[in-house]
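For reference, the chains in residue letters:
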Amino acid sequence: MKTEFDAESFLQQVNWRSLTRELSDALVEQAFFMKDREGRFVMQNRRGCEYCNAADEGETLGRRDADYWPDSRADNYVEGDRMVMRSGRPILNQLAPAPEEAGSENIVIYSKFPVRNSEGEVIGVAGIHQLFAEDRVIENRFGRLFKAVRIMQENYGSDLRISELARSCGLSHSQFVRRFHSVFGMSPKEYLQRVRVRKACRLLETTDSTVASVGLRCGFYDHSHFSRAFRTQTGMSPSVYRKEHMH
């Protein structure tokens, strides 16, 4: 007679902290980190410590991105963390400047996830990222998409058309959209919108420009569209976000 298998009972016995540490340290090229809501590191694997030039995890505990990397890069990482914690949704397969000195041309592909307590409340963020220098990107599955991503990150305020991005990669419109979605898990339009909202977050935090002008500067030519996109990704309106995060 077949007995009922109780997987949940087994999982409740697992020492997740120990397992997470062992699994993350087994990663060779991927850096793993976990932070609390204040942006302080609470866990890092060996590769993550290497980025911080730290001998071991203990040296990084309680420290923040700004303790290790230039402001422009640290701010970029913090923006993504806040977006994940505010929305409660992960960010998957995004590209960002590598956690290195200013001027470095390297990028990383990263994913970030909300960390929840036993009550389901978001108490931090965890992530994983891997370095891809441009010459390596061209050879792997990201292929020609790398150029389009660069254009979106650097010219997010412009009227970028998907057909033009496709041509920059030497692909047809349909090929570009299909390949982009298979790699990043979203359409090029969705990716561009995420880039624009993140840039808008930074401007709302650090400038006194009006909400409307921030939207225009980040490529949103319709205020209602800007507000909807911003609320979808951050969980609040641009005005409320500014009140809570203005420096």
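Rules and cut-offs
- Residues numbered from 1 in each chain as written.
- Predicted model: local features only at pLDDT ≥ 70, side-chain atom pairs only at ≥ 80, totals over all residues.
- Heavy atoms only, no water.
- Phe/Tyr/Trp six-rings, centres within 6.5 Å; stacked < 30°, edge-to-face > 60°.
- Buried < 20%, exposed > 50% of the residue type's maximum accessible area, 1.4 Å probe, protein only.
- Lys NZ or Arg CZ within 6 Å of the ring centre and 35° of its normal.
- Axes fitted to C-alpha atoms, helices over the stretch in contact; angles between N-to-C directions.
- Helix = DSSP H or I, 4+ residues; strand = E, 2+ residues; numbered from the N terminus.
- Parallel < 35°, antiparallel > 145°, perpendicular 65-115°, else oblique.
- Contact = heavy atoms within 4.5 Å.
- Nonpolar A, V, L, I, M, F, W, Y, C, P; charged D, E, K, R; others polar.
- Polar contact = N/O pair within 3.5 Å; in protein donor to acceptor, adjacent residues only side chain to side chain.
- 1 Å grid on protein atoms, 1.4 Å probe; cavity = no way out; pocket = protein on both sides within 12 Å on 5 of 7 lines; lining within 4 Å.
- Points joined across faces, edges and corners; volume = space filled by probe spheres on them.
- Core = buried A, V, L, I, M, F, W, Y, C linked by side-chain atoms within 4.5 Å.
- Pairing = 2+ DSSP bridges.

J.: I'd like a description of the packing of aromatic side chains, backed by residues and values.
T.: Evaluated as defined, the whole model comprises 9 aromatic pairs. An angle of 85° between the planes, with centres 6.5 Å apart, marks the rings of Phe-33 and Phe-41 as edge-to-face. As far as the burial class goes, Phe-33 and Phe-41 line up, both buried. On the basis of an interplanar angle of 40° and a centroid distance of 5.1 Å, the ring pair of Phe-220 and Phe-226 is categorised as tilted. One exposure class covers both Phe-220 and Phe-226, and it is buried. Connected via pairs of aromatic rings, a cluster forms that spans Phe-33, Phe-41, Tyr-68, Trp-69 and Tyr-77. Positioned above the aromatic ring of Phe-33, the side-chain terminus of Lys-35 is 4.9 Å from the ring centre. Here Arg-47 stacks its cationic end above the ring of Tyr-51, 4.5 Å away from the centre of that ring.

J.: For the packing of helix H6 (residues 145–154) against helix H8 (residues 173–184), give the residues involved together with the corresponding values.
T.: A pair of packed helices is characterised by two quantities: the angle between their axes and the separation of those axes. Where H6 meets H8, the closest approach of the two axes is 11 Å, and the angle between their N-to-C directions is 85°. Taken together, the axis directions place H6 and H8 in an arrangement best described as roughly perpendicular. Along the contact surface, H6 presents Leu-145, Ala-148, Val-149 and Met-152, while H8 presents Phe-176, Arg-179, Phe-180, Val-183 and Phe-184. Each residue belonging to the contact of H6 with H8 can be placed in one class, and the counts come to 8 nonpolar, no polar and 1 charged.

J.: Any details on the side chain of Gln-233? Residues and values, ideally.
T.: Turning to its location among the elements, Gln-233 is positioned in helix H11 (residues 223–234). A polar side-chain atom of Gln-233 sits 3.4 Å from the main-chain carbonyl oxygen of Gln-193. The residues contacting Gln-233, other than those within four sequence positions of it, are Met-83, Ser-87, Arg-89, Gln-193, Arg-194 and Val-197.

J.: With reference to specific residues and values, describe empty space enclosed by the protein.
T.: For the structure shown, the criterion picks out 1 cavity of 30 Å³ or more. Listing elements by their share of the lining of the largest cavity, those giving two or more residues are strand S1 (30–36), strand S2 (41–44), helix H3 (46–51), helix H4 (71–87) and strand S4 (107–116). The leading source of residues in the lining of the largest cavity is S1, at 4 residues. By residue class, the composition of the lining of the largest cavity is 11 nonpolar, 4 polar and 4 charged.

J.: Lay out the nonpolar core in plain terms, naming residues and giving numbers.
T.: Met-152, Phe-176, Phe-180, Phe-184, Tyr-191 and Phe-230 are the most contacted members of the largest nonpolar core, which has 57 residues in total. Looking at this core element by element, the count peaks at 8 residues for helix H9 (residues 188–206). Excluding its chain neighbours within four sequence positions, the residues that come into contact with Met-152 are Leu-160, Leu-165, Phe-180, Pro-188, Tyr-191, Leu-192 and Val-195.

J.: Before we move on, could you go through the pairing of S1 and cite the residues and values that matter?
T.: Counted residue by residue, S1 has 5 buried out of 7 residues, so it is predominantly covered. Two elements, S1 and S2, share 3 bridges in a ladder whose sense is antiparallel. By the bridge assignment, Met-34 is partnered in S2 with Met-43. Linking two consecutive strands that pair antiparallel, namely S1 and S2, is a turn of 4 residues; a positive phi of about 80° is found at Gly-39 within it.

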